[in-house]
Amino acid sequence: MAILKIARMGHPILATPAALVSDPTAPEIRRLVNDMVETMADANGAGLAAPQVHVPLRVVVFQAPGALTEDPGLAGAEAFDHTASLTVLINPEIAVIDHVIEGGWEGCLSVPGLRGWVERPAHIRYRGFGLDGRVIERSARGFHARVVQHECDHLEGRLYPARMKDLSRLVFESEICHFLEPA
Ligand code: NI
């Protein structure tokens, strides 16, 4: 395993659509994924797409941690699709379930130090392949839906600032306190 160098905004690889993986079970894909997971953990990220480590293939890794709700009544099935344990998705596809749009703050390991307010579809289904070649198909909402869409945007050569409608909400991490509701 190795920690890979992360491309930063402006590098052409981040603006280039990635290619389909012909064999998700190939040993070199497993090696790539292992390195991506290690790189993501080292950088403290929630997700990483292969183009971010200079590999132009349709591979993403992500996690959507639980405990996002303080209402214990929502901790069961109701909250389930808000969360995802560490997931590898190869050749992913996204379908938007309804027209609900949700805004949220995003960051990106390729855009270090910044946060931006991005509106995205709130409810999606996604589908892709795991390292074992099996189909993974899930519905997602909340942060889970957001991180999947953010990572899949990387595969189209798109970074989150290109999704923003109001660039006055592109801010340094250290200044985001001015935009958050007091607790
Ligand atoms: Ni990103």
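Placed above this text is the structure.
In this text the structure is predicted, and so the values were computed from the model without any measurement. (Residues numbered from 1 in each chain as written. Predicted model: local features only at pLDDT ≥ 70, side-chain atom pairs only at ≥ 80, totals over all residues. Heavy atoms only, no water.)

(A) Seen up close, the sheet that holds strand E3 (residues 84-96). Strand order across the open sheet formed by 5 strands is E1-E2-E3-E6-E7, with antiparallel pairing between neighbours. Each edge of the open sheet carries a strand with a single partner, namely strand E1 (47-49) and strand E7 (135-141). Taking each pair of neighbouring strands and ignoring which way they run, the sheet shows an average axis angle of 40 degrees. Pairing analysis gives 5 bridges linking strand E2 (residues 59-64) to E3, with the strands arranged antiparallel. In the strand pairing of E3, Val59 is matched with Ile90. Sitting on the sheet, helix H1 (residues 27-42) touches E1, E2 and E3, and the angle it makes with E2 is about 40 degrees. Contacts between helix H2 (residues 142-155) and the sheet are confined to E1, E2, E3, strand E6 (123-129) and E7, with E2 contributing the most and set at about 160 degrees to the helix. (Pairing = 2+ DSSP bridges. Helix = DSSP H or I, 4+ residues; strand = E, 2+ residues; numbered from the N terminus. Axes fitted to C-alpha atoms, helices over the stretch in contact; angles between N-to-C directions. Contact = heavy atoms within 4.5 Å.)

(B) Examining the pattern of salt bridges more closely. By the definition in use, this model includes 10 salt bridges. Two residues, Arg146 and Glu106, come together in a salt bridge whose shortest N-O distance is 2.7 Å. Highlighted residues: Arg146 in helix H2 and Glu106 in strand E4 (residues 101-106), separated in sequence by 40 residues. Within the structure, one salt-bridge network assembled from shared partners comprises Glu106, Arg120, Arg146, Asp153, Arg158 and Arg163. (Salt bridge = Lys/Arg side-chain N within 4 Å of Asp/Glu carboxyl O.)

(C) Inspection of the packing of aromatic side chains at higher detail. In the structure shown here, the tally under the stated rule is 3 aromatic pairs. Where Phe62 meets Tyr126, the ring centres are 5.9 Å apart and the plane angle is 80 degrees; that geometry is what we call edge-to-face. With a gap of 64 residues between them, Phe62 in strand E2 and Tyr126 in strand E6 connect regions that are remote in the sequence. Linked through ring pairs, Trp105, Trp117 and Phe179 together constitute an aromatic cluster. A cation sits over an aromatic face here: Arg169 above Trp117, 4.9 Å from the ring centre. (Phe/Tyr/Trp six-rings, centres within 6.5 Å; stacked < 30°, edge-to-face > 60°. Lys NZ or Arg CZ within 6 Å of the ring centre and 35° of its normal.)

(D) Inspection of the coordination of the nickel ion at higher detail. For the nickel ion, the full set of protein donor atoms is Cys108 (SG), His150 (NE2) and His154 (NE2), at a range of 2.1 to 2.3 Å. Counting the intervening residues between successive donors of the nickel ion yields the motif C-x41-H-x3-H. Taken together, the positions of His150 and His154, both in helix H2 and 4 residues apart, correspond to about one turn of that helix. Each member of the pair, His150 together with His154, is buried. (Donors = N, O, S within 2.8 Å, 3.2 Å for Na, K, Ca; no water. Buried < 20%, exposed > 50% of the residue type's maximum accessible area, 1.4 Å probe, protein only.)

(E) Summary view of the side chain of Thr87. Inspection of the secondary structure assignment puts Thr87 in strand E3. What makes Thr87 buried here is its relative accessible area of 2%. Once residues lying within four places of it in the same chain are set aside, the contact partners of Thr87 are Val60, Val61, Phe62 and Arg138.

(F) Layout of H1. Taking 1.5 Å of rise per residue, 16 residues should cover 22 Å, and H1 covers 23 Å from first to last C-alpha, within 8% of that figure. Those residues of H1 not exposed but buried are Ile29, Leu32, Val33, Asp35, Met36, Thr39 and Met40. Axial view of H1: buried residues confined to an arc of 165 degrees, hence all on one face. Among the exposed residues of H1, those pointing more than 90 degrees away from its buried face are Pro27, Arg31, Ala41 and Asp42. Along its buried surface, H1 packs onto E1, E2 and E3. (Expected span 1.5 Å × (residues − 1). Arc of directions from axis to C-beta.)

(G) Expanded view of the environment of His82. Along the chain, the position of His82 falls in the loop between E2 and E3. A relative accessible area of 24% means that His82 is categorised as partly exposed.

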